[in-house]
Structures are given as C-alpha cells and as structure tokens.
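A closer look at the structure
Spelled out, the chains give:
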Amino acid sequence: MIKTSNIIHKFSDSVSFEFPDIICEQEKTLLVLGQSGVGKTTLLHILAGILKPTSGDVFIGNTPLYGLKGHKLDKFRGKNIGLVFQKPHFVQSVTAEENLFLAQKMAGQPLDKKLSAELLDALNLNHRKTAKTYEMSQGEQQRLSIARALINKPRLILADEPTSALDDKNCEEVIKLLEQHSENVKAALVVVTHDNRLKDFFSNNIELH
Amino acid sequence: MSLLKLAWKNIIHNPLSLLLNLILLTLGIGLINFILLVNHQLKDKFDKNLAEIDLVIGAKGSPLQLILSSMYHIDAPTGNMSIKEAKPFLREGHPLIKRSVPLSMGDSYKGYRIIGTDYSILELYDASIKNGKKWQHIYEATIGASVASDLGLTLGSTFKSSHGFNDDEDLEHEHGTFTVVGILNETGSVIDQLILCNTESVWDVHNHDHGASISADADDNSDHDHSHDDHSGHDHDGHDHSEHDHSEHDHDHGDHDHDGHDHDHDGTTVHDHTSDMSRSHLLEHEDQEITSILIQYKSKTNFQALSMPRNINQNTDLQAAAPAYEINRLYDMMGTGTKALQLIAYLIAIVSAISIFVSLLNSLKQRKYELSLLRVLGGNSKSLFSLILLEGFIMAILGYLLGMFLSNLALSGLTNNLSEKYNYQFESWIMHGLEIKLLAATILLGLIAALIPAILAYKTDIHKNLSHG
C-alpha cells in the first residue's frame, strides 16, 4: 500500500505544489486526475521516489521512502514500485525480453525467465520477445512497459498518463490489463492522468487543482 | 543481463561509431606494437650477434659499414686488406687478443654469404656440427642451419657461388663448385645464415675468374694443386678489377706453365689442400687478402686494449671499429625514424581516445532517458558510471586485440620481404615483453576517454530527464 502525508514541493519561491494526502491499499486502485500544470508529474515522481519533496513523506508499506538514501532508495524503488510511462521508453540496444531481464537485474532480483515468459504470454507479446523495442507498435510497447512494471512483483504500480496516446479501444484494454495484473501481484495501482475517460473505470479518484 | 553484457549491446547498437573508434584504435595500437615487435627483434638480433666481439678490423671506410658487413652480414664490405697488414692481429700469442677470426667475403649463393674463415668462427658463435663435419678441403662448405633449411641443402649437395651478395645467376662463377660437408646446429646468431669454407676456397674462386693465368677447370677443382700465393691483390669484394692487371700475374707466375695444370711449385709456399689451412699457414700468404678480422680481447678493461682501435686507425692503413659503439650509433640513427613513427602512433591513439570520448558523449545524449530508466528500475548512480566506463573498456580491449592481430599480420606479411633483403628472419606472433604494458596503456586510454561521459551518467537527474522525456 501507499500513503502520503503533507507533501509540499517548492521548485522556487513562486512555484510550489501542495498535494492532498493520498492513500491506496493493496489490490486497490486510485485515479489521480488533473489538468496540465497542476503538478501531476511532480506528484508521480515524488510517489515513485524519484523526486524528494520539500516536506512530507511517502510510505510504501511502513517504509518512509525518503528516509532511504542513495542506492538504497534506488534498490527499494526497483523492487517495490513498478512504473508505467506515458511514452514507453526502453533500452534500445536490447530485445523486448531482455528489457524485462534488465528490470530484474537492476532491482537486484534473480533472473527469472519463466516469470518473464509468463508475463509476455499474458500480455500477448510472446511472438515479439526477440524484437527490438523500437520495432514494436505503440500498443505492443505499452503492453511491454506494463510487463516491465510487473516483473518484480512490486507493491505499488504507478502509471503516468498510460492511455493519453491511445484510442478508446486500446485505452480500455490497457486499463483492464493494469487492473488485472496489479491484482494478480497484489499491488496497489495508482494512475495519474488528465484523461477523463478513465473516470468510468475507477471507483476511487482524486482531482488535483 | 549483466552490466558488461549491456555495455557490449550498447556498443554494437551503434556499429558505425564503433567502426570508426575501432579503426583509429586498431591503427594506433597496431602501429605501436609493430614498432615494438620490429625493435625488439632488431635489438635481439643485433645483441645476439655481438657475440662478445670487441673489435672489427678491416680496410678503411665507414666503421658502421665494416661492422654491418663483418658481424651482421647485411652491407657490402669496406674492401680488403693484405694478410701482411693483418698479420699482427691474426698471429697467435698476441698479448691483448684472446681470439681473432679472419673473414674473407665476396661471394654468395642464393643470397647467403660464403665466408672464407677458419674454425675459430665456430668458437666465436658457439656453433657446433649437427650433421657431417667441419669444412676441411678446398671447396668444402659447412653451412648454417637456416641456409640448410631455407635452400634445402643436405650433405653432399653441391652449388656454385655467385659474385657479390645478390642472388643473380649472371654473376655465377664458372669455377668453384662447393660441396656441403657439414651442417651446423641452430644458434640464433648470424652464423645460421652463413656458408663457411676455408679462406683458400674464396681465393681460388676469384683466382680462376680473374686470373687469366689459369685455365678453366671448373669441374675438376678438387685435386688441382697450385700455389695461391701467386695470385696477389685480388679484390674479393670484386667491384674493381682494374687494379689487377694481368702483367702482375704474369710476373708472379714467372715461367709457370699456364696451359697445363701441372704447376711446378717450388719452395715453401706449396701446401697441401687436403687439410684446413692452419692459422700459421694463412699468415704465410702475405700477399693474399682477407676482408676483415673479428677480435675478442683478453681483457675488456685493459688500457692497452682500449687504445688499440685508435692506434690502428691512426698508425696503419687499416680501420678498427668497436661494435658496441657503432651499434649504439646505429640505434641512434634508427631512433630518429622510429621516434617519428612512434609519435604518429601516439597521435593516432590520442585521436582514437577523442573519438571514443565524443561517441560516448553523443550516445549519452541520445540515451539520457534510457539511463534514467535504469535508475527508475533500481540501478544506482554507480551502475550507470560503471556502464559507461565498461563501454570505453570494451572498446579498448577490442582495439588492443585487433591492433595486436594487425601488427603481427603486417609483420608476417613483411617477413618474406625482409628476409629476402637482409637474410634476417623476423618473427611475427611472438611476445616482446611489453604486451602487458601496452594492454594497460590501452585500457587506461579507454577509461580516460570514458571518464567524463561516465561522470555525466553518474550525475543523471532522473526527475528532469523523465519530465522532458
């Protein structure tokens, strides 16, 4: 689960964000809606342990994220948080499957080829596993980035605008996959987006202003 | 998927810049190693062939030429000297001289030099007989190991010598068919490349050629019996025959019957060709010539010995040259060329480092999102730092391996050419002892080139990169 308390982030004296407290239990979902410029990416990065907030902290389980320093935070993030980005980015020089292996390696997890094969199968990417990521279609890339977010069985899955570039059909498919697989690994799912279509899929949502 | 593998994949992901980096690196390292290989072997050969020779005495001319021709057998001799002049140094019992080796040159067979000498040369180069025996009679030859293997000569093989040192059939002597009676064990020194015979054989070949006084009996040279001291002043070096006018021969021969083989020898100069000419015998032929003398001192630190070269050069028509000094001079001369080449090699290596630096920096710009991604996935700053360093490292190793391969390939390609010219075998695919240093330097080069990109990767601001990704 994830919980935040009193997060404030100041980029400068004139630009600062104050975020409402967020809580999302294991196997539950939360939609964070907000228009451009309200600090969505900032919040996401704070939640992911990428950007240390000026004040406040993020708890994953009982661990205060920003109580961790340096490479411990990196390791913790790799192991416990799966990130899905708006534009899927991969390591270009290796194959789709190897991108999953890399996620295991970077998080300090043992190589589990069986798990990656299962995930690729579940996300209908089995036939693309030796493809380079830049050879894949947008939909395939988005599914692969979901597979990567899931590979280490994290406690939290964070998705940043996962659907904004997709049509309605693909949008629904991606959200269904995210929900289904988060549940499978017993993770909390937090989606940050401006995409109002997603309101229909989530019972819990928060709007940023 | 280890970092090393990822680094490798990243490198080959960009084949064009890899190619450019490797070409430069390979050229730089290859050239450096090539110079090292050649230098190492030249020094090795030169040092081996020093054979503790302290002095070379010969006709006046260039001292370096004298050394090169008499010790390394790669240049034309300076000319000849008469035995009369050389006598003091050849005599046994000289107070300063431990060993002296007379050399008579001028002929070769298929590029291998024929040296008229005595058995002292075997002691000098520590050579021993592998097959057969030492040369004894006139026109008997004992050949070095390389001569035997390269020319396929075996015991009993016969050959005719050619005038000069090039393999030129037009210059083949009509007289003098040598027979191989012995083959030496390999020594690694220059004697491997030589055809040894007694001094008379060399004289005889030239006497036949230049002496109109003696009729042709080339095929029957084993048992003829004439006095060699009759034929004075032949230039074994053989480029200037004008001095030897025949009247001299006529005079010398007096009333010998030149048409027949039945030379009427009288007096003490008659000698028996069935035995090797002993040193004292050699010295009796005062009017004959030899090319040079290799000398070992009894004591290298003896004051008189040290002043011997100067005495010879100032007070006689002979020239004395000290190998150690002349060879150092030669190294100095070669050094200028080598240094220029080395400088070019270093420059190329530095350019290759710059090229690696630029290509890593460029790829870093393209990959800043990727690097942030690795951080998001749990990799830490140190992993990114190591990743970039590894990329430089791998390129350095590749460049090193290719450079070593290329330099050895080039040398083995040149070997034939060099061995034809100088009769020196350059070996490729050997170690010269500096490989590890070169490897370390190459790796250092790769790491230095990768250092700044690696530091930039270390400092990756993932929030910033991902926000603008």
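Right, let's talk about the nonpolar core for a bit. Val58, Leu83, Leu158, Leu178 and Val190 of chain A together with Leu374 of chain B are the most contacted members of the largest nonpolar core, which totals 108 residues. If one sorts the elements of this core by residue count, helix H13 (residues 381-422) of chain B sits on top with 9 residues. Non-local contacts of Val58 of chain A, meaning those with residues more than four positions away in its chain, are made with Ile2, Lys3, Thr4, Ile7, Ile46, Leu47, Thr63, Pro64, Leu65 and Tyr66 of chain A. Leu42, Val101, Leu122 and Leu294 of chain B belong to the second largest nonpolar core, which has 37 residues in total.

Residues and elements named next belong to chain B. Structurally, the position occupied by Leu36 is in helix H2 (residues 15-50). With relative accessibility at 17%, the residue Leu36 sits in the buried group. For the pair Leu36 and Leu438, spaced 402 residues apart in sequence, the C-alpha separation works out to 9.9 Å. Once residues within four sequence positions are removed from consideration, Leu36 is found in contact with His432, Leu434 and Leu438.

Moving on to the packing of aromatic side chains. All names here are of chain B. Here the structure, examined in full by the defined rule, presents 11 aromatic pairs over all chains. Taken together, a centroid distance of 5.1 Å and an interplanar angle of 80° make the contact between Tyr139 and Phe178 edge-to-face. Within this pair, whereas Tyr139 is found in the loop between strand S5 (129-132) and strand S6 (140-143), its partner Phe178 is found in strand S8 (residues 172-184), the two being separated by 39 residues in sequence. Look at Tyr139 and you get buried, because its relative accessible area is 2%. Between Phe159 and Phe178, the ring centres sit 5.5 Å apart and the planes meet at 10°, which makes this aromatic pair stacked. Of this pair, Phe159 sits in strand S7 (residues 158-163) while Phe178 sits in strand S8, and the two are 19 residues apart along the sequence. One Lys or Arg, Lys134, reaches over the ring of Tyr119 and ends 4.8 Å from the middle of that ring.

Positionally, His163 of chain B belongs in strand S7. In this structure the side chain of His163 of chain B is engaged in a polar contact, spanning 3.3 Å, whose partner is the side chain of Asp107 of chain B.

Residue and element names in this part refer to chain B. Of all residues in chain B, 83% have pLDDT values of 70 or greater, and the mean over the chain is 82. Within the model, pLDDT remains below 50 along residues 211-276, and this stretch shows 121 contacts once partners closer than five positions in the same chain are excluded. Reported confidences for the modelled complex are a pTM of 0.75 and an ipTM of 0.91.

Residues and elements named next belong to chain B. As for its placement among the helices and strands, Thr154 is situated in the loop between helix H6 (145-151) and S7. When its relative accessible area of 46% is taken as the criterion, Thr154 is described as partly exposed. Between the alpha carbons of Thr154 and Ile143 there is a distance of 9.3 Å; along the sequence they are 11 residues apart.

We now examine the interface of chain A and chain B. Contact with chain A, which involves 28 residues of that partner, is made by 24 residues of chain B. Carbon and sulfur atoms make up 66% of the surface buried where chain A meets chain B, a total of about 2,400 Å² over both sides. The largest share of the area that chain A buries against chain B comes from His89, Ser93 and Met106 of chain A, three residues that together contribute 24% of it. Here chain A is connected to chain B by 7 residue pairs in polar contact (both at pLDDT 80 or more). The set of elements that each furnish at least two residues to the side of chain A that touches chain B consists of helix H1 (40-48), helix H2 (70-80) and helix H3 (96-106) of chain A. At 6 residues, the largest contribution of residues to the side of chain A that touches chain B is made by H3 of chain A.

Once that is clear, we can look at the packing of H2 of chain B against helix H3 (residues 63-72) of chain B. All names here are of chain B. At a closest axis distance of 10 Å, the pairing of H2 and H3 adopts a crossing angle of 80°. On the basis of the axis angle, H2 is roughly perpendicular to H3. Where H2 approaches H3, its residues Lys45, Phe46, Asn49 and Leu50 are matched on the opposing element by Leu68, Met71 and Tyr72. Split by residue class, the contact of H2 with H3 holds 5 nonpolar, 1 polar and 1 charged.

Turning next to the pairing of strand S9 (residues 195-198) of chain B. Residue and element names in this part refer to chain B. Because side chains alternate across S9, one face comprises the buried residues Ile195 and Cys197, and the other comprises Leu196 and Asn198, equally buried. Relative to S9, S6 runs antiparallel, the two sharing 2 bridges. Bridged to Thr142 within S9 is Leu196.

Attention now goes to a nonpolar patch on the surface. A cluster of nonpolar side chains, namely Leu16, Leu19, Ile23, Leu27 and Leu406 of chain B, defines an oily patch on the protein surface of about 480 Å² accessible area. Relative to the helices and strands, Ile23 of chain B resides in helix H2.

Our next topic: the packing of H3 of chain B against helix H11 (residues 323-366) of chain B. Residues and elements named next belong to chain B. Where H3 meets H11, the axes come as close as 10 Å, and the angle between the chain directions of the two elements is 105°. Between H3 and H11, the crossing angle belongs to the class labelled roughly perpendicular. Facing Pro63, Leu64, Ile67, Leu68, Met71 and Tyr72 of H3, the residues of H11 in contact are Pro323, Glu326, Ile327, Arg329, Leu330 and Met333. Within the contact of H3 with H11, the residues separate by chemical class into 10 nonpolar, no polar and 2 charged.

With that out of the way, let us pick up helix H14 (residues 435-458) of chain B. Taking 1.5 Å of rise per residue, 24 residues should cover 34 Å, and H14 of chain B covers 32 Å from first to last C-alpha, within 8% of that figure. Restricting attention to buried positions, one finds in H14 of chain B the residues Glu435, Leu438, Thr442, Ile443, Gly446, Ala449, Ala450, Pro453, Ala454 and Ala457 of chain B.

Residues and elements named next belong to chain B. We note that the domain assignment places domain 1 (3-45 + 329-467) and domain 2 (55-321) within chain B. Each partner contributes to the interface: domain 1 provides 8 residues, whereas domain 2 provides 10 residues. Taken together, domain 1 and domain 2 are joined by 0 residue pairs in polar contact (both at pLDDT 80 or more). Residue contributions to the side of domain 1 that touches domain 2 peak at 3 residues, all from H11. The residue inventory of the side of domain 1 that touches domain 2, partitioned by class, reads 4 nonpolar, 2 polar and 2 charged.

The tally for this structure, following the rule as stated, stands at 5 cavities of 30 Å³ or more. Roughly 110 Å³ of volume is contained in the largest cavity. If you trace the largest cavity, you find 13 residues lining it, with Ile81, Gly82, Leu83 and Arg148 of chain A together with Leu377 of chain B closest to the centre. For the lining of the largest cavity, the secondary-structure elements that each account for two or more residues are strand S7 (81-84) and helix H5 (138-150) of chain A together with helix H12 (368-376) of chain B.

Residues and elements named next belong to chain A. Counting buried positions over the 5 residues of strand S8 (residues 156-160) gives 5, a clear majority of the element. With burial as the criterion, each face of S8 is covered, one bearing Leu156, Leu158 and Asp160 and the other bearing Ile157 and Ala159. As defined by bridge partners, S7 adjoins S8 across 4 bridges and the pair is classed as parallel. For Leu83, the partnering residue across the bridge sits in S8 and is Leu158. By the bridge criterion, 5 bridges tie S8 to strand S9 (residues 188-193) in an arrangement that is parallel. Among the inter-strand pairings, Ala159 is bridged to a residue of S9, identified as Val191. For the handedness criterion, the β-α-β arrangement of S8, helix H6 (residues 168-184) and S9 is classed as right-handed.

Reading the values: rules and limits
Residues numbered from 1 in each chain as written. Chains lettered and ligands numbered in written order. Predicted model: local features only at pLDDT ≥ 70, side-chain atom pairs only at ≥ 80, totals over all residues. Heavy atoms only, no water. Core = buried A, V, L, I, M, F, W, Y, C linked by side-chain atoms within 4.5 Å. Buried < 20%, exposed > 50% of the residue type's maximum accessible area, 1.4 Å probe, protein only. Helix = DSSP H or I, 4+ residues; strand = E, 2+ residues; numbered from the N terminus. Contact = heavy atoms within 4.5 Å. Phe/Tyr/Trp six-rings, centres within 6.5 Å; stacked < 30°, edge-to-face > 60°. Lys NZ or Arg CZ within 6 Å of the ring centre and 35° of its normal. Polar contact = N/O pair within 3.5 Å; in protein donor to acceptor, adjacent residues only side chain to side chain. pLDDT = per-residue confidence, 0-100. Buried area = accessible area lost by both parts, 1.4 Å probe. Axes fitted to C-alpha atoms, helices over the stretch in contact; angles between N-to-C directions. Parallel < 35°, antiparallel > 145°, perpendicular 65-115°, else oblique. Nonpolar A, V, L, I, M, F, W, Y, C, P; charged D, E, K, R; others polar. Pairing = 2+ DSSP bridges. Patch = residues over 30% accessible without salt bridge, like charges linked within 9 Å, V, L, I, M, F, W, Y side chains within 5 Å. Areas by Shrake-Rupley, 256 points an atom, 1.4 Å probe, with all protein chains shown as cover. Salt bridge = Lys/Arg side-chain N within 4 Å of Asp/Glu carboxyl O. Expected span 1.5 Å × (residues − 1). Domains from an automatic or database assignment. 1 Å grid on protein atoms, 1.4 Å probe; cavity = no way out; pocket = protein on both sides within 12 Å on 5 of 7 lines; lining within 4 Å. Points joined across faces, edges and corners; volume = space filled by probe spheres on them. Right-handed = clockwise from strand over helix to strand, strands pointing away.

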